[in-house]
Amino acid sequence: MLDRAFMFGDGIYEVIPVYSRRAFRLAEHLARLEASLRAIRIDNPHDPSQWSSLIGKVIEHNPWQDQSVYLQVTRGVAPREHQFPQGLTPTVFLMANALVTPSKDQIERGGSAIVLADFRWLHCEVKSVSLLGNCWLRTLAADCGCTEAILVRDGFLTEASSSNVFIVRDGVVITPPKSNLILPGVTYDVVLEILRANAMAHQVRQVSETELRAADEIWVTSSSKEIFPITTLDSKPVGQGENLGKPGPVFARAYAHYQVFKATVMRSAAHV
Ligand code: PMP
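What counts and what doesn't
- The residue numbering used here restarts from 1 in each chain and proceeds along that chain's sequence as written.
- Local features in this predicted model are restricted to residues of pLDDT 70 or higher, and side-chain atom pairs are both shown and tallied only at a pLDDT of 80 or more, whereas totals for entire chains, interfaces and linings draw on every residue.
- To obtain the side-chain values, all non-hydrogen atoms of the structure were used and water was disregarded.
- If a single non-hydrogen atom of a residue is within 4 Å of a molecule or strand, that residue counts as near it.
- Whenever two N or O atoms come within 3.5 Å, that pair is a polar contact, provided that in protein one can donate a hydrogen and the other can accept it, and provided that, for residues adjacent in sequence, both atoms are side-chain atoms.
- Runs of E in the DSSP output that reach at least two residues are strands. Runs of H or I that reach at least four are helices, and both are numbered from the N terminus.
- Only Asp, Glu, Lys and Arg are considered charged in this grouping, and only Ala, Val, Leu, Ile, Met, Phe, Trp, Tyr, Cys and Pro are considered nonpolar; every other residue, Gly among them, is considered polar.
- Joining through side-chain atoms within 4.5 Å is the link that ties buried Ala, Val, Leu, Ile, Met, Phe, Trp, Tyr and Cys residues into a set, and such a set is a nonpolar core.
- Classification of residues uses two cut-offs on accessible area relative to the type maximum, computed with a 1.4 Å probe and protein chains only: under 20% is buried, over 50% is exposed, and between them is partly exposed.
- Fitted lines through C-alpha atoms serve as axes, helices being fitted only where they are in contact, and the angles separating the N-to-C directions of these axes extend from 0 to 180 degrees.
- Roughly parallel covers angles under 35 degrees, roughly antiparallel covers those over 145, roughly perpendicular covers 65 to 115, and oblique covers all other angles.
- The contact definition used throughout considers only heavy atoms, calling two residues in contact when any of these lie within 4.5 Å.
- Pairing of aromatic rings covers Phe, Tyr and Trp, the last through its six-membered ring, and needs centres within 6.5 Å; plane angles under 30 degrees mean stacked, over 60 mean edge-to-face, and all others mean tilted.
- Residue ranges assigned to each domain were obtained from an automatic or database domain assignment.
- Note on definitions: buried area is the accessible-area loss of two parts on being combined, 1.4 Å probe, summed for both.
- Salt-bridge detection follows one rule: a side-chain nitrogen of Lys or Arg within 4 Å of a carboxyl oxygen of Asp or Glu.
- An expected span of 1.5 Å times one less than the residue number is assigned to each helix.
- By arc we mean the arc of the directions from the helix axis to the C-beta atoms, nothing more.
- Each pair of strands is called paired provided DSSP finds at least two bridges between the two strands.

Here we take up the site of the ligand. Taken together, 18 residues lie near the ligand, and Arg-32, Lys-127, Glu-159, Thr-187 and Ser-223 sit nearest. In this structure, Arg-32 approaches the ligand through a side-chain N or O atom, which is 2.8 Å from an oxygen atom. In this structure, Ser-223 approaches the ligand through a main-chain N or O atom, which is 2.8 Å from an oxygen atom. At the level of secondary structure, the elements contributing two or more residues to the shell around the ligand comprise β7 (156-160), α6 (186-197) and β11 (217-222). Broken down by class, the residue content of the shell around the ligand amounts to 4 nonpolar, 10 polar and 4 charged.

Here is the structure:
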């Protein structure tokens, strides 16, 4: 019970999507894990090849072709005291679940979100297991029948309770830059890569709450949701004209490219 994660939420986690028993973007997930551990002064207990073999074992021992591998590293066990104790043995935990990405039907309908004030702390770039703020915000969204909470701080979009956010305005895809206010999503990077590779107009810059509310399209991205359209914001349909309340044409292009990209990468990926 004295594990620091149990007492203080003092630990880091990762969620890695696995397609056809191959981990997607493993190196990037392990690099983010390393960065988060370093930020809070936990020595990484494993190097990338050791992580890769542990993750490979978890994949092998589970029945699904597509999995979501969860891993957690906590600072370890110590008498309850606020200051980070030194020299503890980190607790390492891994598990897998079936990876369930949004169905065709869910994508056609899109999701609903509400805009909430981002009341989390100022180190959202650290993938900490202290997710109370995120869980609370998601619950406030669920109270209103919404699937996501899209967060704004000081009048600008940050991210959502468990995903990054992209908007489309006049055909241009826009997403906030990486900073201490958002988690640097692995899927966020993949989407930007896809936009670049396919010469789709995009900008990485601050997005005001006004722009968010006036967006033609809103997407959320994460390892389990991939790219997912938000078609209702604060009970109002997103977009205009024939796309009102429906996933837009830029989403359709990006989503199609994402699926092709994933299939191509997975064909050449090494089994872990
Ligand atoms: N932001 C937050 C707050 C998240 O919890 C997640 C999902 N872990 C993301 C963004 C998306 O990150 P990724 O694309 O690496 O899953």
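Grouped together as the largest cluster of nonpolar side chains are 40 residues, with contacts concentrated most on Ile-150, Leu-212, Ile-218, Trp-219 and Leu-233. Within the second largest apolar cluster, 19 residues are counted, among which are Val-18, Ala-23, Leu-26 and Leu-37.

The subject of this paragraph is the packing of α6 against helix α8 (residues 249-268). The packing of two helices is summarised by the inter-axis angle and the distance between the axes. At their nearest, the axes of α6 and α8 sit 10 Å apart, and the two run at 105° to each other. In terms of orientation, α6 and α8 fall into the roughly perpendicular class. Contacts from Thr-187, Val-190, Glu-193 and Ile-194 of α6 reach α8 at His-257, Tyr-258 and Phe-261. Here the residues of the contact of α6 with α8 sort into 4 nonpolar, 2 polar and 1 charged.

Before going further, it helps to examine the environment of Pro-48. Inspection of the secondary structure puts Pro-48 in helix α3 (residues 48-60). By relative accessible area, Pro-48 is classed as exposed at 55%.

Turning our attention to the packing of aromatic side chains. Scanning the entire structure with this criterion turns up 8 aromatic pairs. Note on Tyr-13 and Tyr-70: the rings are 5.6 Å apart at their centroids and 20° apart in plane angle, and the pair reads as stacked. One end of the pair, Tyr-13, is in strand β1 (residues 11-19); the other, Tyr-70, is in strand β3 (residues 67-74), with 57 residues separating them in the sequence. In this structure, Tyr-13 and Tyr-70 share a single accessibility class: buried. For the pair Tyr-19 and Phe-24, a centre-to-centre distance of 5.7 Å together with 75° between the ring planes defines the contact as edge-to-face. You'll find Tyr-19 and Phe-24 in the same group, each marked buried.

Domain annotation of the protein chain identifies domain 1 (4-98) and domain 2 (104-263). Spacing between the C-alpha centres of domain 1 and domain 2 amounts to 25 Å. Interface of domain 1 and domain 2: buried area, both sides summed, is about 1,500 Å²; carbon and sulfur atoms make up 63% of it. Of all residues in domain 1, the largest losses of buried area upon contact with domain 2 belong to Tyr-13, Arg-25 and Arg-32, amounting jointly to 41% of the total for that side. Across the salt bridge formed by Glu-193 and Arg-25, the nearest N and O atoms sit 2.9 Å from each other. Between domain 1 and domain 2 we count 7 residue pairs in polar contact (both at pLDDT 80 or more) in total. Among the elements of the structure, α1 (4-8), β1, α2 (26-39) and β3 are those that each provide at least two residues to the side of domain 1 that touches domain 2.

Turning next to helix α5 (residues 132-143). Helix length check: α5 (12 residues) gives 16 Å between terminal C-alpha atoms against 16 Å at 1.5 Å per residue, within 8%. Every buried residue of α5 is accounted for by Gly-133, Asn-134, Leu-137 and Ala-141. For α5, the arc enclosing every buried residue in end-on projection is 100°, short of the 170-degree limit, so these residues lie on one face. Facing away from the buried side of α5 by more than 90 degrees, the exposed set consists of Leu-132, Trp-136 and Asp-143. Note on α5: the residue one or two positions beyond its end, Gly-145, has a positive phi of about 75°.

The subject of this paragraph is the sheet that holds strand β4 (residues 91-98). Adjacent strands of a sheet pair through backbone hydrogen bonds, lying either parallel or antiparallel. Strand order in the open sheet formed by 4 strands is β2-β1-β3-β4, with antiparallel pairing between adjacent strands. Strand pairing shows two members of the sheet lacking a second neighbour, β2 (22-23) and β4, which therefore form its edges. Pairing of β3 with β4 involves 8 bridges; the strand directions are antiparallel. If you follow Leu-71 over to β4, its bridge partner there is Leu-94.

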